[in-house]
Amino acid sequence: MDFQSSSEFNDAPQMLPPPPGTFVDREELIQHVGDFAVSQGYVVTIKQSKRDRVVVLGCDRGGVYRNRRKPVDESSAESLRRRKTGSRLTNCPFEAVGKKDDGLWKLSIKNGAHNHEPLKDLSEHPSARRFTEREVLLIKEMTEAGLKPRQILKRLRQSNPELLSTPKHVYNVKAKLRQGNVTVRNFKSLRPQKTAVRNNYQSVMEPSWRQRNPPRVPNLIGGRFVDSKSLTSIDVVNPATQLIVSQVPLSTNEEVRAAVFAAKRAFSSWRNTPVTNRQRIMFKFQELIRRDMDKLAMEITSEHGKTLTDAYNDVLRGLEIVEHACGVATLQIGEFVSNISNGVDTYSIREPLGVCAGICSFDFPAMTPLWMFPIAVTCGNTFILKPSEKVPGAAVILAELAVEAGLPNGVLNIVHGTDDIINAICDDDDVKAIALVGPNSCNIGAKNHAVVMPDASIDATLSALVAAGFGGAGQKCMALTTVVYVGSITPWEDKLVEHAKAIKVNAGTESNADLGPVPGYENGNFIGPTILSDVTVNMECYKEDVFGPVLLCMQVLPLISFSVGSHISKLVFVVKLHIFVSQAESIDEAIEIVNRNRRGSGASIFTTSAVAARKFQIEIAVGQVGINVPISVQPPFTLFTSSKPCFAGDLNCDGHGRDGNGADMGWIYSAPDPYP
């Protein structure tokens, strides 16, 4: 009789253990081990798990085992012992251990050896014959419809030709379903070509954050959407209905460190990705944004309250940045000067910084995130985004689309929270640059003026003032918040109030709504268009940002106050009209009022005089100037700046900055043919 010894397997292909390393979370570590195992011809499973501390991974065998039977001269007892230790029932000695340390998971290999040959075809492994969650549900439905196992299997293979299960497997599932003791998670799919880990502790159902009611928005760390470990959350409330839309976790500092680690680890490979490849991802990203435009707009309206029209515009303005990022390669070109000194050439290269971060305000839930990460990542940086805790949904949807577009793991990360998370991001030495849109001196605070000359076109001017003052509920940094009248307000007063009264206040989802609710008011969120008169430069309403549907008119006149009933969901909300109005005796005095204000990002003049318009354009000390038009946020290929403290820093979100001498550059808007 011929016997084999273990020496016959010395020349068998060697199965290497996965390389040790550090990982963002437990699931990433498991995925790393599983994917490496597939490349070597074996499948791993979870042997032990203490979910928040340690996980032990072993080999799931399933291969051809080595024959260790004794030679002919071996004793019976020794033969029995060796046969038991070498049989198919013996576990493979391979063992990998993952432990959590300081918020990250570290992998070590306890035993990298195997006692079997590698699988030549991983589809032979028993795990390849398990059904997916959807297939189990279909089996249940078809069983209830009276189909037999072979018929069920035939239909399953129509949608999944690679299905390796047999009618016997279908029969076993049917039997357990009839007994009523089977849940979907018992039939988790473990197809080795997709994942090499058999994880009996996790469900293939929806992630935990989607299963909650209300849903709890996830963090995005290392390419995976994960529920925060924090037990504390903030409710996101629909301001039109007061219903809870979702919950935002107050993430932990450990999760911030994990996000920074994931971004830092992804940077080296991402920066070496050709810029044309990075641009292609942006092309796909903008295509997906257009596909899901309705979903994004509805999410914005339900969380923020702005009308659907404003929500669509929010997304479209952000989409302009993504489209700009699709051509960013031309902005990456450096400079070269030959022979700057005798035999010396000089050149400059634009290089990515590394890990960047963005901290968002609530006023534009889609546009503000899109101001930040598309340009940053297309230039080769990795990014950590902190959405506003008041309106997180649009940022999460955008992140899902970015991942779908092909953004590699760790290039974009999201961490939710409030001040503690912002401080943790700002204090982290690995974060090289931060884009911030926030209150006062952080790219959001502004007190923009409109100067109205006596010769201005009444109808065109009133339409512009109402649209720029009350559009988006006044919650935008480029809103015209203050009107300075040169001369008497009398010709304007009644018509301005009449235009304001015509604004329809309603839930943002209603088709006739001109003005939706605003966030942050516990006892009612509907605030009507507001006109305040008799305002002076010493009043708090003039010195500070109101950031609501409020227009200031500076003039010594009695306070104007009107009430309007707005029927919403069979309830009557009483709203007041207020506007800030100021009067000046000359254009020089009006310009002085504007220039003295420390928060003027922009200003507009309404006049039919070319002389007045040019004087205003030259002498006004703001970044954006409108002539017979309101001011607006510029397209991404131009410049957004200000000569006032409402803008901090020397670079804009879209990459443009101040000129070479450090001076502020302005932008002039002019209506077509403004002078008759």
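- Looking at an unreviewed UniProt entry, one finds the protein chain named Methylmalonate-semialdehyde dehydrogenase (Acylating) and attributed to Citrus sinensis.

**Comments concerning the overall build of the protein chain**
Right, on to step 1. Looking only at helices and strands, the protein chain has 18 helices and 26 strands in total.
Right, on to step 2. Partitioning the contacts of the protein chain with sequence separation of at least 6, the portion at a separation of at least 24 is 70%.
Right, on to step 3. Carbon together with sulfur atoms contributes 51% to the accessible area of the protein chain, which is approximately 32,000 Å² in total.

**Things to note about a nonpolar patch on the surface**
Right, on to step 1. A cluster of nonpolar side chains, contributed by Phe336, Tyr347 and Ile349, occupies part of the molecular surface with about 390 Å² of accessible area.
Right, on to step 2. On the secondary structure map, Ile349 appears in the loop between strand S12 (344-348) and strand S13 (355-359).

**With respect to the packing of helix H8 (residues 275-291) against helix H11 (residues 367-378)**
Right, on to step 1. The geometry of H8 relative to H11 is characterised by a closest axis approach of 9 Å and an angle of 150° between their N-to-C directions. The angle between H8 and H11 falls in the class roughly antiparallel. Seen from H8, the contacting residues are Val275, Arg278, Gln279, Met282, Phe285 and Ile289; seen from H11, they are Leu370, Phe373, Pro374, Val377 and Thr378.
Right, on to step 2. Residue classes in the contact of H8 with H11 are distributed as eight nonpolar, two polar and one charged.

**Considerations on the pattern of salt bridges**
Right, on to step 1. Going through the model one piece at a time under the given rule, you end up with 20 salt bridges.
Right, on to step 2. Across the pair Lys264 and Asp430 runs a salt bridge whose closest N-O atoms are separated by 3.2 Å. With a gap of 166 residues between them, Lys264 in helix H7 (residues 253-271) and Asp430 in the loop between helix H13 (419-427) and strand S16 (431-436) connect regions that are remote in the sequence.
Right, on to step 3. Residue classification places Lys264 among the partly exposed positions, given a relative accessible area of 45%.
Right, on to step 4. Overall, the relative accessible area of 26% leaves Asp430 in the partly exposed class.
Right, on to step 5. Among the charged side chains, a network of salt bridges with common partners joins Asp25, Arg26, Glu27 and Arg224.

**Brief notes about unusual backbone geometry**
Right, on to step 1. With a phi close to 50°, Asn339 is a non-glycine residue in the positive phi region.
Right, on to step 2. Take Asn339: it is sitting in strand S11 (residues 335-341).

**Focus: the packing of helix H14 (residues 458-470) against helix H15 (residues 490-501)**
Right, on to step 1. Closest axis-to-axis distance for the H14/H15 pair is 10 Å, and the angle between their directions is 50°. Considered as vectors, H14 and H15 are oriented oblique to each other. Remark: the crossing between H14 and H15 carries right-handed chirality. Touching Ile458, Thr461, Leu462, Ser463, Val466 and Phe470 of H14 are Trp492, Lys495, Leu496, His499 and Ala500, all from H15.
Right, on to step 2. Among the residues making up the contact of H14 with H15, the classes are represented as seven nonpolar, three polar and one charged.

**A word on the nonpolar core**
Nonpolar side chains in soluble globular proteins tend to be buried together.
Right, on to step 1. Ranked by internal contacts, the top residues of the largest apolar core, which has 48 residues, are Phe285, Ile289 and Phe383.
Right, on to step 2. Counting residues per element, the ones that place at least two in this core are H7, H8, helix H9 (293-304), helix H10 (308-325), H11, strand S14 (382-386), helix H12 (393-405) and strand S15 (412-414).
Right, on to step 3. In this structure, Phe383 is in contact with Cys356, Ala357, Gly358, Met372, Phe373, Ala376, Val377, Val411, Leu412 and Asn413, ignoring residues within four places of it in sequence.

**Focus: the packing of aromatic side chains**
Right, on to step 1. Here the structure, examined in full by the defined rule, presents three aromatic pairs.
Right, on to step 2. With a centroid separation of 5.9 Å and 40° between ring planes, the pair formed by Tyr485 and Trp492 is classed as tilted.
Right, on to step 3. Judged by relative accessible area, which is 1%, Tyr485 ranks as buried.
Right, on to step 4. Taking the ring centre of Phe362 as reference, the NZ or CZ of Lys390 above it sits at 4.8 Å.

**Some points on the pairing of S12**
Consecutive residues of a regular strand have side chains that alternate between opposite faces of the sheet.
Right, on to step 1. One ladder, built from four bridges, connects S11 with S12; its direction is antiparallel. Looking at S12, one finds that Ser341 is bridged to Val344.
Right, on to step 2. As consecutive antiparallel partners, S11 and S12 are separated by two residues, and within that stretch Gly343 has a phi angle of approximately 75°, a positive value.

**Focus: the environment of Leu308**
Right, on to step 1. Tracing the sequence through the fold places Leu308 in helix H10.
Right, on to step 2. In contact with Leu308, other than residues within four places in its own chain, are Ala297, Met298, Thr301, Gly508 and Thr509.

**Notes on helix H17 (residues 587-596)**
Right, on to step 1. Within H17, burial applies to Ile587, Ala590, Ile591, Ile593 and Val594. Projection of H17 onto a plane perpendicular to its axis shows the buried side chains occupying an angular sector of 155°, all on one side.

**So, the pairing of strand S24 (residues 602-606)**
Right, on to step 1. The element S24 is largely enclosed, with a buried count of five among its five residues.
Right, on to step 2. Residues Gly602, Ser604 and Phe606 line one face of S24 and the alternating positions Ala603 and Ile605 line the opposite face, and both faces are buried.
Right, on to step 3. By the bridge criterion, four bridges tie strand S17 (residues 448-452) to S24 in an arrangement that is parallel. Paired with Val451 across the two strands is Ile605, which belongs to S24.
Right, on to step 4. Relative to strand S25 (residues 624-627), S24 is paired through four bridges, and the arrangement is parallel. Paired with Ala603 across the strands is Val625, a residue of S25.
Right, on to step 5. In this region the chain leaves S24, passes through helix H18 (residues 610-619) and returns to the parallel neighbour S25; the handedness of that crossover is right-handed.

**Details of the environment of Phe267**
Right, on to step 1. Among the structural elements, Phe267 can be located in helix H7.
Right, on to step 2. Considering only alpha carbons, one finds Phe267 and Phe383, 116 residues apart in sequence, at a separation of 9.3 Å.
Right, on to step 3. Those residues within four positions of Phe267 in sequence are excluded, and the remaining contacts are Pro352, Leu353, Gly354, Gly380, Asn381 and Thr382.

**Some thoughts on the environment of Arg278**
Right, on to step 1. Among the structural elements, Arg278 can be located in helix H8.
Right, on to step 2. Judged by relative accessible area, Arg278 falls into the buried class, the value being 5%.
Right, on to step 3. Distance from Arg278 to Cys379, taken between C-alpha atoms, is 8.0 Å for residues 101 residues apart in sequence.
Right, on to step 4. Beyond its immediate sequence surroundings of up to four residues, Arg278 is in contact with Trp270, Arg271, Thr273, Gln332, Val377, Thr378, Cys379 and Gly380.

**A few points about the confidence of the model for the protein chain**
Right, on to step 1. When the pLDDT values of the protein chain are averaged, the result is 77; 74% of them are 70 or greater.
Right, on to step 2. Under a pLDDT of 50 for its full length, residues 84-89 has, in the predicted model, 10 contacts with residues more than four places off or in other chains.
Right, on to step 3. Here residues 658-667 is modelled with pLDDT under 50, and outside its nearest four sequence neighbours on either side it reaches 20 contacts, counting other chains as well.

**Topic: the side chain of Asn238**
Right, on to step 1. Here Asn238 shows up in the loop between strand S9 (233-237) and strand S10 (244-249).
Right, on to step 2. Asn238 sits in the buried class, given a relative accessible area of 14%.
Right, on to step 3. Looking at Asn238, its side chain comes within polar contact range of the main-chain oxygen of Ser302, at 3.4 Å.
Right, on to step 4. In contact with Asn238, not counting residues within four places along its chain, are Leu243, Val245 and Ser302.

**Observations regarding H12**
Right, on to step 1. Over its 13 residues, H12 runs 18 Å from end to end, which matches the ideal 18 Å to within 8%, given 1.5 Å per residue.
Right, on to step 2. Of all 13 residues in H12, 11 are buried; the element is thus mostly enclosed.
Right, on to step 3. Considered for burial, the residues of H12 that qualify are Gly393, Ala394, Ala395, Val396, Ile397, Leu398, Ala399, Glu400, Leu401, Ala402 and Ala405.
Right, on to step 4. Trailing H12 by a residue or two, Gly406 shows a phi angle of about 115°, which is positive.

About the criteria used
- Residues numbered from 1 in each chain as written.
- Predicted model: local features only at pLDDT ≥ 70, side-chain atom pairs only at ≥ 80, totals over all residues.
- Heavy atoms only, no water.
- Helix = DSSP H or I, 4+ residues; strand = E, 2+ residues; numbered from the N terminus.
- Contact = heavy atoms within 4.5 Å.
- Areas by Shrake-Rupley, 256 points an atom, 1.4 Å probe, with all protein chains shown as cover.
- Patch = residues over 30% accessible without salt bridge, like charges linked within 9 Å, V, L, I, M, F, W, Y side chains within 5 Å.
- Salt bridge = Lys/Arg side-chain N within 4 Å of Asp/Glu carboxyl O.
- Axes fitted to C-alpha atoms, helices over the stretch in contact; angles between N-to-C directions.
- Parallel < 35°, antiparallel > 145°, perpendicular 65-115°, else oblique.
- Nonpolar A, V, L, I, M, F, W, Y, C, P; charged D, E, K, R; others polar.
- Buried < 20%, exposed > 50% of the residue type's maximum accessible area, 1.4 Å probe, protein only.
- Left-handed = near helix turned anticlockwise from the far one by under 90°.
- Core = buried A, V, L, I, M, F, W, Y, C linked by side-chain atoms within 4.5 Å.
- Phe/Tyr/Trp six-rings, centres within 6.5 Å; stacked < 30°, edge-to-face > 60°.
- Lys NZ or Arg CZ within 6 Å of the ring centre and 35° of its normal.
- Pairing = 2+ DSSP bridges.
- Arc of directions from axis to C-beta.
- Right-handed = clockwise from strand over helix to strand, strands pointing away.
- pLDDT = per-residue confidence, 0-100.
- Polar contact = N/O pair within 3.5 Å; in protein donor to acceptor, adjacent residues only side chain to side chain.
- Expected span 1.5 Å × (residues − 1).

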